[in-house]
Amino acid sequence: MTALVRAEWTKLFTTRVWLGLLLGACVLVAGFVVLFTSFAGSTPGGGQGGPPGGLPAVGTEQFEQLVLATGANVTVLFLILGIIGMTQEYRHRTATPTFLTTPRRGRVVIAKLAAYALVAVPFALVVLAVNYGVAAVAAGARGAVPALSGENLQVLANSGLALVVYTVIGVGLGALVRNQVGAIVGGLVYLFVVEAIVRQISAIADAYKWLPGGALEALTATLQGPDLLGRWQGGLLLLGYGLVAALLGTLLAVRRDVV
Amino acid sequence: MEPSPGPREESAIDSGSSPHRRPVRVEVHGLSKSFGAVRAVDDLSFTVEPGSITGFLGPNGAGKTTTLRMALGLEQPDAGTATFDGTPYPDLPSPVRTVGAVLETAFHPARSGRNHLRVYCRAAGLPVSRADEVLSQVGLADAGRRRAGGYSLGMRQRLALATALLGDPAVLVLDEPANGLDPEGIHWLRGFLRQLAHTEGRTVLVSSHLLAEMEQTADRVVIVGAGRLVREGSITELRSGAQGSGAVLVRSPEAGRLTEVLGAAGFTVAPSEDGRVTVTGTTPDAVGAQAFRAGVELHELRAETSGLEELYFRLTAGQEQYAAAEGSRR
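Residues numbered from 1 in each chain as written. Chains lettered and ligands numbered in written order. Predicted model: local features only at pLDDT ≥ 70, side-chain atom pairs only at ≥ 80, totals over all residues. Heavy atoms only, no water.

Chemist: Any details on the overall build of chain A? Residues and values, ideally.
Modeler: In terms of regular secondary structure, chain A is built from 11 helices and 0 strands. Each helix (α) and strand (β) of chain A, taken in turn from the N terminus, gives the series α-α-α-α-α-α-α-α-α-α-α. Here the C-alpha radius of gyration of chain A, 20 Å, is about what a compact globule of 259 residues would show, namely 18 Å. Principal-axis analysis of the C-alpha atoms places the extent of chain A at approximately 65 × 40 × 30 Å. Every one of the 259 residues in chain A was classed for burial, and the buried ones make up 53%. In chain A, of all internal contacts separated by at least 6 residues, the share reaching a separation of at least 24 is 72%. (Helix = DSSP H or I, 4+ residues; strand = E, 2+ residues; numbered from the N terminus. Rg over C-alpha atoms; globule rule 2.2 N^0.38 Å. Buried < 20%, exposed > 50% of the residue type's maximum accessible area, 1.4 Å probe, protein only. Contact = heavy atoms within 4.5 Å.)

Here is the structure:
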């Protein structure tokens with residue numbers, strides 16, 4: 001199994017997809033942090049003080065948690081990393097040599113899940129480092145560097161966990177759908193259209209907290225939102241989704257013909 | 001990510017010919033698979049012997065690729081088995097060291113050929129140095145560090161072959177390996193396969209839809225049509241069985257008299273203008289002998305289609321209609 005995990009890492013690091021996604025994630029996070037900091041304390045009307053609807057002011061506890069949770073906004077790129085990791089085998093038809101080398105196909109999927117979960121940890125740490133670094137510089141320029149302690153650290157860790165779990169969900173989703181474009185488009189439409197709508201409709205909004213997006217929000221949100229699970233419950237639910245995707249993906253990969 | 005052959009890697013394997021390689025016989029027994037109403041492979045059985053090249057011959061759509069993919073555990077047969085020395089492919093203790101297969105010539109376009117091979121070295125627990133060894137074995141040493149996306153079709157075939165050779169396997173299964181090769185590449189492949197089978201004693205199974213190619217390469221052929229076995233045997237057996245079923249082209253200044261003489265002797269003769277006569281269902285030898293006895297001058301005498309080719313056409317003709325009729329009957 002170690003050999004298979006290492007083979008997956010060789011696959012990942014011999015193309016440049018990982019670099020593009022990681023850089024993209026870092027740029028997005030840096031941009032969001034700068035944006036949040038620039039508009040911190042402003043209200044929709046343009047006044048100061050951070051009333052509801054606006055962003056909290058620099059130096060407040062809410063601002064620091066909001067800005068340090070930015071990493072959770074790029075989970076989608078980590079989802080895509082996982083999806084590509086699995087679906088590239090089908091897209092470029094390397095599934096054939098892969099499954100010829102390891103005819104027990106479940107082992108391939110498990111190795112991929114492990115390899116991507118493990119690789120997502122340093123990737124997430126890079127994103128978190130960029131997140132904190134840019135926040136420290138940007139907020140520092142406005143007079144208050146966020147402390148790296150207590151609740152703030154917890155917020156960062158939650159984002160990191162979300163990034164890793166979304167990578168695993170991506171691998172599982174890729175094994176289920178197999179078509180790269182289909183899996184990515186499907187994942188995006190689900191996260192940004194389906195869940196957004198469920199979240200809006202009050203009659204079914206209760207269901208939202210049980211969905212992956214709701215679980216992510218419960219784990220990482222720092223602003224007042226809809227009715228959500230507790231933070232650790234959200235984290236567990238998200239992990240559960242990751243495992244279910246992984247399990248279904250493994251079972252299907254084992255049963256279906258490789259075409 | 002530079003590899004270091006750690007202690008976990010299994011024992012290094014001999015490159016090149018190893019006299020200790022255990023010969024492995026491939027046995028396909030009663031394989032069947034349907035896609036909807038179409039019976040792609042229908043109760044197919046044959047064996048492939050070590051130390052020889054077996055051609056797996058049939059027109060496009062005859063079920064060759066499906067058969068090979070089932071034998072290698074990539075597709076699930078509806079019935080039947082394929083075994084390598086008695087063991088199904090997925091149950092082999094180390095599959096790539098027993099069987100090497102070329103089924104796809106597609107690669108991740110951004111990955112170099114060498115890195116592609118290293119991935120499978122890793123996955124199979126082989127030392128990564130095997131990647132360079134097989135690259136030079138197939139003549140790709142110089143292109144190994146280039147992106148596979150820029151490879152020509154012939155280079156892809158060679159890279160696919162290199163992938164199959166990584167584990168120094170006793171059996172090689174190749175699906176249409178001559179596709180995309182230029183004449184020089186085909187000549188190289190022929191010599192390479194002969195060396196693998198005849199010199200090194202490996203079991204080689206090569207699929208093709210081209211009889212001419214197989215006639216020059218294979219020792220034995222397994223001919224399939226519409227998913228069924230139509231003929232199995234050595235090239236020599238088939239050739240002698242097909243004796244006298246070809247077409248012979250004769251050119252003579254006395255075409256009229258030749259037509260009469262041959263017709264009287266019971267040959268099927270079709271004369272045309274410009275002194276050419278086509279005789280079907282016989283051999284150049286028989287026609288030559290008859291003309292000599294009658295004292296007819298000949299300027300040209302040759303087999304237009306070999307008996308084997310004629311036999312192949314006959315065996316595999318109209319398979320599509322056959323398959324459709326089969327389907328509608330069910």
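Chemist: Break down the domain arrangement of chain B for me, with residues and values.
Modeler: Its domain assignment divides chain B into domain 1 (26–240) and domain 2 (246–304). Summarising the inter-unit geometry, the C-alpha centres of domain 1 of chain B and domain 2 of chain B are found 43 Å apart. (Domains from an automatic or database assignment.)

Chemist: Tell me about helix H6 (residues 183–199) of chain B, residues and numbers included.
Modeler: All names here are of chain B. Relative to the 24 Å expected for 17 residues at 1.5 Å per residue, H6 spans 23 Å between its end C-alpha atoms, a close match to the ideal helical length. What H6 keeps buried is the set Gly185, Ile186, Leu189, Arg190, Phe192, Leu193, Leu196 and Ala197. Where H6 is buried, its residues meet strand E3 (53–57), helix H4 (129–137), helix H5 (153–165), strand E6 (171–175), strand E7 (203–208) and helix H7 (211–217). (Expected span 1.5 Å × (residues − 1).)

Chemist: Pulling in residues and values, what's your account of the interface of chain A and chain B?
Modeler: At the junction of the two partners, chain A supplies 28 residues and chain B supplies 31 residues. Contact between chain A and chain B buries roughly 2700 Å² in total, counting both sides, with carbon and sulfur atoms accounting for 58%. Taken together, the links from chain A to chain B amount to 3 salt bridges. A salt bridge links Asp91(B) to Arg104(A); the shortest N-O distance between them is 2.5 Å. Run the count over chain A and chain B and you get 17 residue pairs in polar contact (both at pLDDT 80 or more). When contributions to the side of chain A that touches chain B are tallied by element, the ones reaching two or more residues are helix H1 (2–13), helix H4 (75–91) and helix H5 (95–101) of chain A. (Buried area = accessible area lost by both parts, 1.4 Å probe. Salt bridge = Lys/Arg side-chain N within 4 Å of Asp/Glu carboxyl O. Polar contact = N/O pair within 3.5 Å; in protein donor to acceptor, adjacent residues only side chain to side chain.)

Chemist: Any details on the sheet that holds strand E4 (residues 79–84) of chain B? Residues and values, ideally.
Modeler: Residue and element names in this part refer to chain B. Read from one edge to the other, the open sheet built from 3 strands follows the order E2-E1-E4, with strand pairing classed as antiparallel. Edge positions in the open sheet fall to strand E2 (38–48) and E4, since each of these has one partner strand only. The sheet shows a mean angle of 20° between the axes of neighbouring strands, direction not considered. In this structure, strand E1 (residues 26–35) lies alongside E4, joined through 5 bridges in antiparallel fashion. The residue of E4 that forms the bridge with histidine 29 is threonine 81. Each of E1, E2 and E4 touches helix H1 (residues 64–71); the most contacted strand, E1, lies at about 115° to it. (Pairing = 2+ DSSP bridges. Axes fitted to C-alpha atoms, helices over the stretch in contact; angles between N-to-C directions.)

Chemist: Describe the nonpolar core, with residues and values.
Modeler: In this structure, Val127(A), Leu238(A), Leu72(B) and Phe84(B) are the most contacted members of the largest nonpolar core, which totals 98 residues. Ranked by residues supplied to this core, first place goes to helix H6 (residues 105–141) of chain A with 16 residues. Apart from the residues within four sequence positions on either side, Leu72(B) is in contact with Leu100(A), Phe84(B), Tyr89(B), Val99(B), Ala101(B), Leu103(B) and Val173(B). Counting 51 residues, the second-largest nonpolar core is a separate cluster that includes Ala124(B), Leu189(B), Val204(B) and Leu211(B). (Core = buried A, V, L, I, M, F, W, Y, C linked by side-chain atoms within 4.5 Å.)

Chemist: Which residues make up helix H2 (residues 17–38) of chain A, and what values do they have?
Modeler: Residues and elements named next belong to chain A. Counted at 1.5 Å a residue, the expected span for H2 with its 22 residues is 32 Å, and the 31 Å between its end C-alpha atoms agrees. By the burial criterion, the buried members of H2 are Leu21, Leu22, Ala25, Cys26, Val29, Ala30, Val33 and Thr37. The buried residues of H2 occupy an angular sector of 165° when projected down its axis, which confines them to one face. Exposed side of H2, more than 90 degrees from the buried face: Leu23 and Val27 are the residues found there. Along its buried surface, H2 packs onto helix H3 (61–68), H4 and H6. (Arc of directions from axis to C-beta.)

Chemist: So what about the confidence of the model for chain A? Which residues, and what values?
Modeler: Residues and elements named next belong to chain A. In the predicted model, chain A carries a mean pLDDT of 88, and the fraction of residues at 70 or more is 94%. Within chain A, no element has a lower average pLDDT than helix H9 (residues 205–208), which sits at 83, and none a higher one than H1, at 95. Of the regions scoring below 50 in pLDDT, residues 46–51 engages in 8 contacts with residues more than four places distant in sequence or in other chains. (pLDDT = per-residue confidence, 0-100.)

Chemist: Describe in detail the UniProt feature "transmembrane region" (unreviewed entry) in chain A, supporting the description with residues and values.
Modeler: Residue and element names in this part refer to chain A. In the numbering adopted here, UniProt assigns the feature "transmembrane region" (unreviewed entry) to residues 21–43, 63–84, 113–135, 155–176, 188–211 and 231–254. For residues 113–135, the end-to-end C-alpha separation is 32 Å, with 100% helix and 0% strand making up the annotated structure. Between the C-alpha atoms that bound residues 231–254 there is a distance of 35 Å. The span itself is 100% helix and 0% strand. (UniProt positions renumbered as here; feature names shortened; annotations may be inferred.)

Chemist: Can you explain the packing of aromatic side chains? Please cite residues and give values.
Modeler: A ring pair, where both rings are aromatic, is described by two values, the distance of the centres and the angle of the planes. Residue and element names in this part refer to chain A. One pass over the structure, following the stated rule, counts 6 aromatic pairs over all chains. An angle of 80° between the planes, with centres 6.4 Å apart, marks the rings of phenylalanine 13 and phenylalanine 123 as edge-to-face. Of the two residues, phenylalanine 13 is situated in helix H1 and phenylalanine 123 in helix H6; the sequence distance between them amounts to 110 residues. Residue classification places phenylalanine 13 among the partly exposed residues on the basis of a relative accessible area of 27%. Measuring from ring centre to ring centre gives 5.8 Å for tryptophan 18 and phenylalanine 123, while their planes differ by 25°; the resulting arrangement is stacked. Remark: phenylalanine 123 occurs in helix H6 and tryptophan 18 occurs in helix H2; sequence separation between them is 105 residues. Three or more aromatic residues joined by ring pairs form one cluster here, namely Phe13, Trp18 and Phe123. Positioned above the aromatic ring of tyrosine 90 is the side chain of arginine 178, whose terminal nitrogen or guanidinium carbon lies 5.2 Å from the ring centre. (Phe/Tyr/Trp six-rings, centres within 6.5 Å; stacked < 30°, edge-to-face > 60°. Lys NZ or Arg CZ within 6 Å of the ring centre and 35° of its normal.)

Chemist: Can you tell me about the pattern of salt bridges, naming the residues and giving the values?
Modeler: Pairing is possible between side chains that carry opposite charge, provided their charged atoms lie close to one another. All names here are of chain B. One pass over the structure, following the stated rule, counts 25 salt bridges over all chains. The partner of aspartate 132 in a salt bridge is arginine 114, with the nearest N and O atoms 2.7 Å apart. Taken together, the positions of aspartate 132 in helix H4 and arginine 114 in helix H3 (residues 113–124) put the pair 18 residues apart, joining distant regions of the chain. Exposure remark for aspartate 132: the relative accessible area of 33% places this residue in the partly exposed category.

Chemist: So, the environment of Gly242(A): which residues are in play, and what are the values?
Modeler: All names here are of chain A. Within the element layout of this structure, glycine 242 appears in helix H11 (residues 231–255). Placed 169 residues apart in sequence, glycine 242 and asparagine 73 show a C-alpha to C-alpha distance of 18 Å. Not counting chain neighbours up to four residues away, the residues in contact with glycine 242 comprise Val168 and Ile169.

Chemist: Please give an account of the sheet that holds E3(B) that cites residues and values.
Modeler: All names here are of chain B. Overall, mixed pairing links the 6 strands, which are arranged E5-E6-E7-E3-E8-E9 in an open sheet. Every interior strand has two partners, whereas the edge strands, strand E5 (99–102) and strand E9 (228–234), have only one. The sheet shows a mean angle of 15° between the axes of neighbouring strands, direction not considered. Note that strand E8 (residues 220–225) and E9 share 6 bridges and pair antiparallel. Directly across from arginine 220, in E9, lies its bridge partner serine 234. The sheet contacts of H5 involve E5 and E6, and relative to E5 the element is tilted by about 165°.

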